[in-house]
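# A look at the structure
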Amino acid sequence: MADRKPDQRRIDCVLIAGGKYHDIDFARLELLKLLAEDERIRTRVFEDFEAVDAIAKADLVISYTCDVTPSLKAQEALRTYVAGGGRYYALHGTNSILRFLENGKVDAPDWAPHFMETLGSRFSSHPPIGPYTVNVADKGHRLVEGLSSFEVVDELYLSRPTAETHVLLDTEFGGETPGFVDDQWAHGRHPIFYIRTIGEGAVLYLTLGHCRGHYDLEPVSDWWPEVDRCGWEQPIFYDLLRRGIGWACEPAIARMKP
């Protein structure tokens, strides 16, 4: 058997891709292609957060979900994983719990506070998909090194903070978010890309990346006329995904050094 070099150790990833109202198939495939750019990364894919044993053994965890609420056991396992030195890259709708009310509005109830505290924020609403400017909030941080402000067409996630975070990218917004219960927002800055440190590990959250196909609004609607790709159509989004994956792999790579 050939000897393996120290930097050839495998890196075990858990990818959680599941939920509602988004083209999860598209997002899952795109993320798997990015992970495959490093041949050391071997990925197990799940639709929810309940594979607690796999999460505990992972070198990195990535999630692209919407309206997927972990059980309390899974919430505690994620917190333990991160606090023990794990790195977790959470994307877009991971911090969302949605309920469509009889009056036609969408509520985002605070039903998983432990999970949302781990993530550092809880989704509340967004204005209609449209263009907005993303600004670099911490130009000295290596995760956004070399980046400048950029325009994106995407869902502008408006979230309520649940813990202290280090904001790397943000945007400005003030006004109404029609269709949501929490629909009035004073003008202010809202995080797009941030780090939430817990114990020896951390969560990295990126709110960009909405995607939806024709069949992804069931049971609300059985046909969506548009195919939405939003940030996925822009190279800057893939740059942020690669930066985040690289960040999440750092502890595993550090352990490879003799």
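Refer to the preceding data block for the structure.
Just so we're clear, the structure is a prediction, and the values are computed from it rather than from any experiment. (Residues numbered from 1 in each chain as written. Predicted model: local features only at pLDDT ≥ 70, side-chain atom pairs only at ≥ 80, totals over all residues. Heavy atoms only, no water.)

### Side note on the state of the cysteines
The full count for this structure, using the stated rule, is zero disulfides. The thiol of Cys230 is not disulfide-bonded; the next cysteine sulfur, from Cys211, is found 8.2 Å away. Counting only cysteine sulfurs, Cys13 is the nearest neighbor of Cys249, a cysteine outside any disulfide, at a range of 7.3 Å. For Cys249, a relative accessible area of 4% puts it in the buried group. (Disulfide = S-S within 2.5 Å. Buried < 20%, exposed > 50% of the residue type's maximum accessible area, 1.4 Å probe, protein only.)

### Overview of empty space enclosed by the protein
As enumerated under the stated definition, the model contains one cavity of 30 Å³ or more in all. Ser121, Tyr157, Ser159, Pro191, Tyr194 and Thr207 together form the lining of the largest cavity. Considering only residue class, the lining of the largest cavity consists of three nonpolar, three polar and no charged. (1 Å grid on protein atoms, 1.4 Å probe; cavity = no way out; pocket = protein on both sides within 12 Å on 5 of 7 lines; lining within 4 Å. Points joined across faces, edges and corners; volume = space filled by probe spheres on them. Nonpolar A, V, L, I, M, F, W, Y, C, P; charged D, E, K, R; others polar.)

### Side note on the layout of surface pockets
The space that makes up the largest pocket amounts to roughly 430 Å³. Lining the largest pocket are 20 residues, with His126, Glu155, Phe180, Arg212 and Leu217 sitting closest to its centre. Of the residues contributing to the lining of the largest pocket, the split by class is 15 nonpolar, three polar and two charged.

### Observations regarding the pairing of strand β3 (residues 60-66)
With seven of seven residues buried, β3 is to be regarded as a mostly interior element. With burial as the criterion, each face of β3 is covered, one bearing Leu60, Ile62, Tyr64 and Cys66 and the other bearing Val61, Ser63 and Thr65. Pairing of strand β1 (residues 11-19) with β3, which is carried by seven bridges, proceeds in the parallel orientation. Its bridge partner being in β3, Cys13 is matched across the sheet by Leu60. (Helix = DSSP H or I, 4+ residues; strand = E, 2+ residues; numbered from the N terminus. Pairing = 2+ DSSP bridges.)

### Regarding the packing of aromatic side chains
Enumeration according to the criterion identifies 11 aromatic pairs in this entry. Ring geometry for Phe237 versus Tyr238: centroids 6.1 Å apart, planes at 75°, classification edge-to-face. Feature note: the residues Phe26, Tyr64, Trp232, Phe237 and Tyr238 constitute an aromatic cluster, connected by ring pairs. Cation over ring: Arg229 sits above Phe26, and NZ or CZ is 3.9 Å from the ring centre. (Phe/Tyr/Trp six-rings, centres within 6.5 Å; stacked < 30°, edge-to-face > 60°. Lys NZ or Arg CZ within 6 Å of the ring centre and 35° of its normal.)

### Focus: the environment of Ile62
Within the secondary structure layout, Ile62 lies in strand β3. Residue Ile62 is classed as buried on the basis of its relative accessible area of 1%. Sequence separation of Ile62 and Arg229 is 167 residues, and the distance between their C-alpha atoms is 19 Å. Excluding residues that lie within four positions of it along the chain, Ile62 makes contacts with Cys13, Val14, Leu15, Ile16, Leu35, Tyr88, Tyr89, Leu91 and Ile245. (Contact = heavy atoms within 4.5 Å.)

### A word on the pattern of salt bridges
One pass over the structure, following the stated rule, counts 20 salt bridges. Here Arg9 and Asp59 are joined by a salt bridge, their closest N and O atoms 3.6 Å apart. You can see Arg9 sitting in the segment before β1 and its partner Asp59 sitting in the loop between α2 (52-57) and β3, a full 50 residues away along the chain. When the shortest N-O distance is used, the salt bridge between Asp67 and Lys20 registers 3.3 Å. Of this pair, Asp67 sits in the loop between β3 and α3 (72-83) while Lys20 sits in the loop between β1 and α1 (24-35), and the two are 47 residues apart along the sequence. Take Lys20: its relative accessible area is 36%, and that puts it in the partly exposed class. Because the salt bridges share partners, they merge into one network encompassing Arg9, Asp59 and Arg255. (Salt bridge = Lys/Arg side-chain N within 4 Å of Asp/Glu carboxyl O.)

### With respect to the side chain of His141
Locating His141 in the fold gives a position in the loop between β8 (130-136) and β9 (150-154). Aside from chain neighbours lying at most four places away, what touches His141 is His166, Leu168 and Ile195.

### Notes on the sheet that holds β9
Spatial strand order, β2-β1-β3-β4-β13-β12-β11-β8-β9: nine strands in an open sheet with mixed pairing. Both outer strands of the open sheet, β2 (41-46) and β9, are each paired with one neighbouring strand and no more. In this sheet, adjacent strand axes meet at a mean angle of 25° when their direction is disregarded. The pairing of β8 with strand β11 (residues 166-176) spans two bridges and is antiparallel. In the strand pairing of β11, Asn135 is matched with Asp170. Sheet contacts for α1: β1, β2, β3 and β4 (87-91); angle to β1, the most-contacted strand, approximately 165°. (Axes fitted to C-alpha atoms, helices over the stretch in contact; angles between N-to-C directions.)

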